[in-house]
There are 2 protein chains.
Amino acid sequence: MPYTVAIDCMGGDHGPSVTVPAAFAFLRGHPEAEIILVGQEAVLTPLLAAAPDLAGRVRVHHASEVVAMDESPTLALKNKKNSSMRVALNLVKEGVAGASVSAGNTGALMAMSRFVLKMLPGIDRPALCPVMPTLRGHVYMLDLGANIDCSAEQLLEFGVMGAMLASALDHKEAPSVGLLNIGSEEIKGNEVVKQASELLKTSGLNFIGNVEGDGIYKGQADVIVCDGFVGNVTLKASEGLVQMLAHSLKAEFGRNAFTKLAALIALPVLKKFKARFDHRHYNGASLLGLKGISIKSHGSADVYAFEQAIARAFDAASNNVVERISARLAELHARREEKDAQHTGEESP
Amino acid sequence: MPYTVAIDCMGGDHGPSVTVPAAFAFLRGHPEAEIILVGQEAVLTPLLAAAPDLAGRVRVHHASEVVAMDESPTLALKNKKNSSMRVALNLVKEGVAGASVSAGNTGALMAMSRFVLKMLPGIDRPALCPVMPTLRGHVYMLDLGANIDCSAEQLLEFGVMGAMLASALDHKEAPSVGLLNIGSEEIKGNEVVKQASELLKTSGLNFIGNVEGDGIYKGQADVIVCDGFVGNVTLKASEGLVQMLAHSLKAEFGRNAFTKLAALIALPVLKKFKARFDHRHYNGASLLGLKGISIKSHGSADVYAFEQAIARAFDAASNNVVERISARLAELHARREEKDAQHTGEESP
């Protein structure tokens, strides 16, 4: 079961034309893995003909409905009980699959994951944790948009969840955890961040302190913790910046005959450069804090990108990410209760 | 006087070796301008010999002390009353200069500007407003770090101040103002941002609504409003991202003989590309909300970069930025008081 991934084949901008070939490609690279293709049987079953070599390792599980990319999460949760997104999550819930992947509507996936898989004790809603390139490798950053107005305790929980994810996926004993903050001399962050810093210091995590915005891409930490508002804005701003630079680079190289020739000569180098930061390579954000594994792929993912999201789901399941997070959070909450009890004891002797 | 800029010549990583040549370069391009070089006479006066053509338009004003780059803002404020930074601000306060520029310690400049120039009525501390490149030109973004934990009213004030700055410097009738927010379907921003959006809608500004992180660089608005925490993290993350990309591009082009040759051929194009986004061109952040003009240059600015900061100070002074902001804020506060009075009236008839 930990080697089985359930895939919402109908989600994303491209549906089965991307998700199914990605599943086949993934299986061919991972002989120990199995995949359940979830979606409309009439669409999916004929596609199996393209992969006779994978017989026995891939099967179709019917789901009659599809969540639209622009559907309201609340309505999708209420009305789409037979959607491929929901049925894939059900398979994880029932223990038939170890993880699920969807390129569908983020809000709906968040709501359904929370409803079907349930949250771990003490966690309110899933944190969205993508992996991003840095100068020194990559970084897990959370939360990227689900939790606005976080408490210090939530930021601590993000630290724990991110560290367990990094430790499981990258096989690091004690991944370093940084707290996203500003570096003004006078005022070091807002009240919540200051409190979170104190909590992280005594958490037993490998907490390296504050990290400023530029530290994200300098690779100063393996895990970076921030609230969902800051995280989302930072990620989107980075995407916008890269698009602006790429657009202008293209424009400069397209200016005249000489620059076009230069582009031709520089092309292999530019391609390698592009490959190094290819966002497709980093596709697949983890929804953390759930009692099961749910991975969100970009809606516009192509076959290569979606394959990476499947790989991340598989790695998370086969490395017991949920168990690790759950155990560590339980410890944390037990300690907190103990402290609270002590405080209450002190106040009323 | 509006055509006179006072320069803290001793501030920044390079001091007079950058600030003085930058002042000369600026004066040569702006025949209507005058400059007061503030700092140690013994150091500055001999440098005037290099610019006999500017006699009568540039003079030295002695200030015996220097604020160190790593000095505590509080201590600098208390102890460095004769510092070049403070004396330059005094000249603005006294009406001798129309604006001042410093490449010194940000915290100290913020504290001293606030203390010497004083804040406009109703404003608590200066907002730091740099100008940044976008796909379509440039954007003024504030606050970039001075005001953490902002109220909705503060965000509205940022909108007003940024719009007045853009309107004065870019001669735009009604610059568009966007509110930095996240685009999740379920939750659109935190409480403060939601309230700020309501206030901006009825502000009389050309408010275009929410802008997501990528909208900054897409040039979706002339002015983007956010709290200092989000702004600072976003700006720093952008800097880190650009550094990472530049570093990797260099590495790819330096890999072997072929790639080095490609680099040589692509160099003129890459240089043009680089020039388009040259951060030196965007040097000079405005401290807004003060009763005078104080411009912060990057500490590491070179002659070209510092010249841009002087130009921004000159433009702000000669286009009456403070008067415009002051008038619009007064309107805003009058309306708010009127509303509050109405509410009080309603509650206690």
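What you are looking at is a predicted structure, and each value in this text was computed from that prediction instead of being measured.

Visitor: Help me understand the overall build of chain A, please; the structure alone is not making it clear to me.
Guide: A tally of regular secondary structure across chain A gives twelve helices and twelve strands. For 349 residues, the compact-globule estimate of 2.2 N^0.38 gives 20 Å, and chain A sits close to it at 22 Å. Overall size of chain A, expressed as C-alpha extent along the three principal axes, is 75 × 60 × 40 Å. Across the 349 residues in chain A, those meeting the buried criterion constitute 54%.

Visitor: Teacher, can you tell me more about the relation of the copies chain A and chain B here?
Guide: To go from the first copy of the chain to the second, apply a rotation about an axis and then a shift along the same axis. When chain A is fitted to chain B, the residual RMSD is 0.0 Å, and the transformation amounts to a turn of 180° plus an axial shift of 0.0 Å. On this basis, the relationship between the two copies can be described by a two-fold rotation axis.

Visitor: Explain the domain arrangement of chain A here, please?
Guide: Frequently, the measure chosen for interface size is the accessible area removed from exposure when the parts meet. Residue and element names in this part refer to chain A. Partitioning chain A into structural domains gives domain 1 (1–118 + 290–318) and domain 2 (121–286). Computed over C-alpha atoms only, the centres of domain 1 and domain 2 are separated by 26 Å. Every contact between the two is made by 18 residues of domain 1 and, on the other side, twelve residues of domain 2. Of all elements in the fold, only α5 (106–117), β12 (294–296) and α11 (303–318) reach the threshold of two or more residues within the side of domain 1 that touches domain 2. In terms of residue count, the dominant contributor to the side of domain 1 that touches domain 2 is α11 (eight residues).

Visitor: Sorry, what's going on with the interface of chain A and chain B here?
Guide: Contact residues are listed per partner, giving 51 residues for chain A and 51 residues for chain B. If you list the elements that add at least two residues to the side of chain A that touches chain B, you get α8 (213–218), α9 (228–253) and α10 (257–276) of chain A. No other element matches the 20 residues that α9 of chain A contributes to the side of chain A that touches chain B. Across the side of chain A that touches chain B, the residue classes tally to 23 nonpolar, 16 polar and twelve charged.

Visitor: Explanation requested: helix α7 (residues 191–201) of chain A in the structure shown.
Guide: Residue and element names in this part refer to chain A. Considered for burial, the residues of α7 that qualify are V193, A196, S197, L199 and L200. For α7, the buried positions fall inside an angular range of 165° around the axis, keeping them on one side. Those residues of α7 that are exposed and angled more than 90 degrees off the buried face are E191, E198 and K201.

Visitor: Whenever I open this one, the nonpolar core confuses me. Can you help?
Guide: The nonpolar side chains of a soluble globular protein tend to be buried, and buried together. Residues V5, I7 and I310 of chain A together with V5, I7 and I310 of chain B are the most contacted members of the largest nonpolar core, which totals 230 residues. Filtering out sequence-adjacent residues up to four positions away, I310 of chain B remains in contact with V5, I7, A22, A23, F26 and V101 of chain B. F253 and A262 of chain A together with F253 and A262 of chain B belong to the second-largest nonpolar core, a separate cluster that totals eight residues.

Visitor: Is there a simple way to explain the sheet that holds strand β1 (residues 4–8) of chain A in this structure?
Guide: Residues and elements named next belong to chain A. The strand order across the open sheet built from seven strands is β3-β2-β1-β4-β12-β11-β5, with neighbouring strands paired in mixed fashion. Each edge of the open sheet carries a strand with a single partner, namely β3 (58–62) and β5 (127–129). Averaged over all pairs of adjacent strands, the angle between their axes in this sheet comes to 25°, without regard to strand direction. Examined bridge by bridge, β1 and strand β4 (residues 99–102) share three bridges and lie parallel to one another. Across the sheet, the residue bridging to I7 is V101, located in β4. Sheet strands in contact with helix α1 (residues 16–29) are β1, β2 (34–39) and β3, and its direction is about 170° off that of β2.

Visitor: I keep staring at the confidence of the model for chain A and nothing clicks. Help me out?
Guide: Low pLDDT marks stretches whose predicted atomic positions should not be read closely. Counting all residues, the mean pLDDT for chain A is 91, and 96% of those residues have values of 70 or more. Across the predicted assembly, pTM comes out at 0.88 and ipTM at 0.86.

Visitor: Please clarify how the sheet that holds strand β7 (residues 137–142) of chain A should be interpreted in this entry.
Guide: Residues and elements named next belong to chain A. The strand order across the open sheet formed by five strands is β6-β7-β10-β8-β9, and the pairing between neighbours is mixed. The sheet is open, and its two edges are formed by β6 (131–134) and β9 (206–211), each paired on a single side. Direction aside, neighbouring strands of the sheet carry axes that sit 30° apart on average. Pairing of strand β8 (residues 176–180) with β9 involves five bridges; the strand directions are parallel. Paired with S176 across the bridge in β9 is N206. Set on the sheet, helix α6 (residues 152–170) makes contact with β7, β8 and β10 (223–225); between it and β10 the angle comes to about 165°.

Calculation notes
Residues numbered from 1 in each chain as written. Chains lettered and ligands numbered in written order. Predicted model: local features only at pLDDT ≥ 70, side-chain atom pairs only at ≥ 80, totals over all residues. Helix = DSSP H or I, 4+ residues; strand = E, 2+ residues; numbered from the N terminus. Rg over C-alpha atoms; globule rule 2.2 N^0.38 Å. Buried ≥ 20, exposed ≤ 12 C-beta atoms within 10 Å, placed from the backbone. Least-squares fit on C-alpha atoms with pLDDT ≥ 70 in both. Domains from an automatic or database assignment. Contact = placed C-beta atoms within 7 Å. Nonpolar A, V, L, I, M, F, W, Y, C, P; charged D, E, K, R; others polar. Arc of directions from axis to C-beta. Core = buried A, V, L, I, M, F, W, Y, C linked by C-beta atoms within 7 Å. Pairing = 2+ DSSP bridges. Axes fitted to C-alpha atoms, helices over the stretch in contact; angles between N-to-C directions. pLDDT = per-residue confidence, 0-100.

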